Amino acid sequence: MAFIQLYREKLKENYTFLNTIFTSRNIEWGIVSKLLCGNKIYLKEIIALGTHEILDSRVSNLRKIKSIDPNIQTVYIKPPAKRSIESIVKYADVSFNTEIYTIQMLSNEAKKQNKTHKVIIMIEMGDLREGVMGEELVDFYGQILQMPNIEITGIGTNLNCLSGVMPTQDKLIQLSLYKQLIEAKFNIIIPWVSGGTSVAIPLILKNARPMAINHFRVGEALFFGKDLFTGETIQGMHDDVFKLFTEIIEITEKPDTPTGELGENVAGNTFSMNDTEDFGGTSLRAIIDIGLLDMQPQYLDADDPDITIIDASSDMLVIDISNSKKNYKIGDLISFKIKYMGALYLLNSDYIEKTIA
């Protein structure tokens, strides 16, 4: 059975690296746990790091977090659905919001549950995902101030998630100006300006973060140590907190080209035979015990640099081991480094065992 492994010490070192960056600059931050897909084994690991706040886009995951540690501040990081209001108030201390109608429902439900529910108002700043339009923000904010059992704990924005708009210094300065506008208009203090995700960490390292941006939401950088501006690993961080292990279930010398009438495979792809040099050639192919039900091949990088991924069916992956210097046998493990989306597929699969090293 294929399994994904989390390396505890590498995770701790990445957390310590980030925590030092943030605390030394008086920035509050929380861990975005949605990658973990509610896996309790891994949720316990991130809680053990010492974080006081965990953010997720699934209320079922927040419920699991509260069952492990009720004192963790939980944040629901997308606009709540009408049918989820009751559970969001119950399991999320904070939620991201963009609709007056929704916040009114949160207010009513918080009153029923005898709670104060915190909200962060998300502002549209060009990425065209969720957010209140800037010209409507003051009126929007004013209406929420009147709602009982609702506390506005901050404003924020999401960048890079849909259209790829980067959180440049100019974008975050603009968010800071919204804070100044609202504070001046209503004579209040906004505790959080949540403009930071993993992609904005390089701005901190370059001392280019506007000082008003005082809250970060971090997932990918914690688990993969990635600088999302350059695609490189941040110096001092690990990019292999997670690793995938798969088992070889067949090794055979086979032709490089299929024979017979060709149609679409299970993934909807058709084999191309444009390169006539492949005709008559063979390669040593191995099949490993993982497939499209669990992952997408483009998000995997074999630790053995001489392995080439050929293609996958629903539950098997074919690799070319012809050029490898290792003498692979049936039952041997092939390990892979995983990209973010690859880990998301794997962690969401019930067929992949989750382990800790």
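Further up the page is the structure itself.
Here is what the cut-offs are and how they apply
- Residues numbered from 1 in each chain as written.
- Predicted model: local features only at pLDDT ≥ 70, side-chain atom pairs only at ≥ 80, totals over all residues.
- Heavy atoms only, no water.
- Helix = DSSP H or I, 4+ residues; strand = E, 2+ residues; numbered from the N terminus.
- Buried < 20%, exposed > 50% of the residue type's maximum accessible area, 1.4 Å probe, protein only.
- Contact = heavy atoms within 4.5 Å.
- Areas by Shrake-Rupley, 256 points an atom, 1.4 Å probe, with all protein chains shown as cover.
- Lys, Arg positive; Asp, Glu negative; His and termini not counted.
- Charge placed at Lys NZ, Arg CZ, Asp CG, Glu CD.
- Pairing = 2+ DSSP bridges.
- Right-handed = clockwise from strand over helix to strand, strands pointing away.
- Phe/Tyr/Trp six-rings, centres within 6.5 Å; stacked < 30°, edge-to-face > 60°.
- Lys NZ or Arg CZ within 6 Å of the ring centre and 35° of its normal.
- Disulfide = S-S within 2.5 Å.
- Axes fitted to C-alpha atoms, helices over the stretch in contact; angles between N-to-C directions.
- Core = buried A, V, L, I, M, F, W, Y, C linked by side-chain atoms within 4.5 Å.

Just to check I follow, could you spell out the overall build of the chain for this structure?
Broken down by element type, the chain carries ten helices and 16 strands. Oriented by its inertia axes, the alpha-carbon framework of the chain measures out at about 75 × 40 × 40 Å. Counting every position in the chain, which comprises 357 residues, the buried fraction comes to 49%. Taking all contacts inside the chain whose residues are at least 6 apart in sequence as the whole, residues at least 24 apart take part in 65%. Counting every atom, the chain has about 17,100 Å² of accessible surface; 48% of that belongs to carbon and sulfur. Between the mean site of the 36 positive side-chain charges and the mean site of the 46 negative ones, the chain shows a separation of 10 Å.

Where do I start with the pairing of strand 6 (residues 117-122) in this structure?
Sheet faces and side chains relate simply in a regular strand, where the side chains alternate between the two faces. Here strand 6 lies mainly inside the structure; five of its six residues are buried. The pairing of strand 5 (residues 94-97) with strand 6 spans four bridges and is parallel. Paired with Ser-95 across the two strands is Val-119, which belongs to strand 6. A crossover links strand 5 with its parallel partner strand 6, the connecting element being helix 5 (residues 100-112), and its sense is right-handed. Pairing between strand 6 and strand 7 (residues 150-156): six bridges, direction parallel. By the bridge assignment, Met-122 is partnered in strand 7 with Gly-156.

What is the right way to look at the environment of Ser-314 in this model?
Mapping Ser-314 onto the fold places it in the loop between strand 13 (308-312) and strand 14 (317-320). Judged by relative accessible area, Ser-314 falls into the partly exposed class, the value being 32%. Sequence separation between Ser-314 and Gly-291 is 23 residues; the distance between their C-alpha atoms is 4.8 Å.

For this particular structure, what's the right way to read the packing of aromatic side chains?
Here a ring pair, both rings aromatic, is described through the centre-centre distance and the interplanar angle of the planes. Applying the stated criterion to the full structure yields ten aromatic pairs. With a centroid separation of 5.2 Å and 40 degrees between ring planes, the pair formed by Phe-22 and Phe-216 is classed as tilted. Remark: Phe-216 occurs in strand 9 (residues 215-218) and Phe-22 occurs in helix 1 (residues 8-23); sequence separation between them is 194 residues. Note on accessibility: Phe-22 and Phe-216 belong to one class, buried. Taking the centre distance of 6.3 Å and the plane angle of 40 degrees together, the rings of Phe-224 and Phe-242 count as tilted. Taken together, the residues Phe-224 in helix 9 (residues 220-224) and Phe-242 in strand 10 (residues 242-255) connect sequence positions 18 residues apart. The exposure class of Phe-224 is buried, given its relative accessible area of 6%. We classify Phe-242 as buried; its relative accessible area is 1%. Joined through ring pairs, the aromatic side chains of Tyr-42, Phe-223, Phe-224, Phe-242 and Tyr-340 make up one cluster. Lying over the aromatic face of Tyr-7, Lys-10 brings its terminal NZ or CZ to 5.1 Å of the ring centre. The ring of Phe-229 carries Lys-206 above its face, with NZ or CZ at 5.9 Å from the centroid.

So what exactly am I meant to see when it comes to the state of the cysteines here?
By definition, a disulfide is the covalent link that joins the sulfur atoms of two cysteine residues. Tallied over the full model, the rule gives zero disulfides. Cys-161 supplies the cysteine sulfur nearest to Cys-37, a cysteine that is in no disulfide, at a spacing of 16 Å.

Any chance you could explain the sheet that holds strand 3 (residues 53-56) here in plain terms?
The strands that make up a sheet pair up through hydrogen bonds in the backbone, lying either parallel or antiparallel. Reading around the circumference, 2-3-4-5-6-7-8-9 is the order of the eight strands in this closed barrel, with parallel pairing throughout. Across this sheet, the average inter-strand angle for adjacent strands is 30 degrees, counted without regard to direction. Examined bridge by bridge, strand 8 (residues 192-197) and strand 9 share three bridges and lie parallel to one another. Note that in strand 9 the partner of Ser-194 across the bridge is His-215. The strands touched by helix 3 (residues 59-68) within the sheet are strand 3 and strand 4 (73-76), with strand 4 carrying the most contacts at an inclination of about 180 degrees.

Teacher, can you tell me more about the nonpolar core here?
The nonpolar side chains of soluble globular proteins are, as a tendency, buried together. Residues Phe-22, Ile-121, Ile-155, Phe-216, Phe-223 and Phe-242 are the most contacted members of the largest nonpolar core, which totals 90 residues. Counting residues per element, this core draws most heavily on helix 1, at five residues. Ignoring any residue separated from it by four or fewer positions in sequence, one finds Phe-242 in contact with Ile-4, Gln-5, Leu-6, Leu-35, Leu-36, Tyr-42, Phe-223, Phe-224, Ile-338 and Leu-347. Core analysis: the second largest hydrophobic core is formed by nine residues, Leu-55, Ile-77, Phe-96 and Trp-192 among them.

How should the pairing of strand 7 be read in this particular structure?
Extensive coverage of strand 7 is indicated by the burial of six of its seven residues. Between the parallel pair strand 6 and strand 7, the chain is carried across by helix 6 (residues 137-145), and the sense of this crossover is right-handed. Of the strand pairs in this sheet, strand 7 and strand 8 are connected by three bridges, and their pairing is parallel. Note that in strand 8 the partner of Gly-156 across the bridge is Ser-194.

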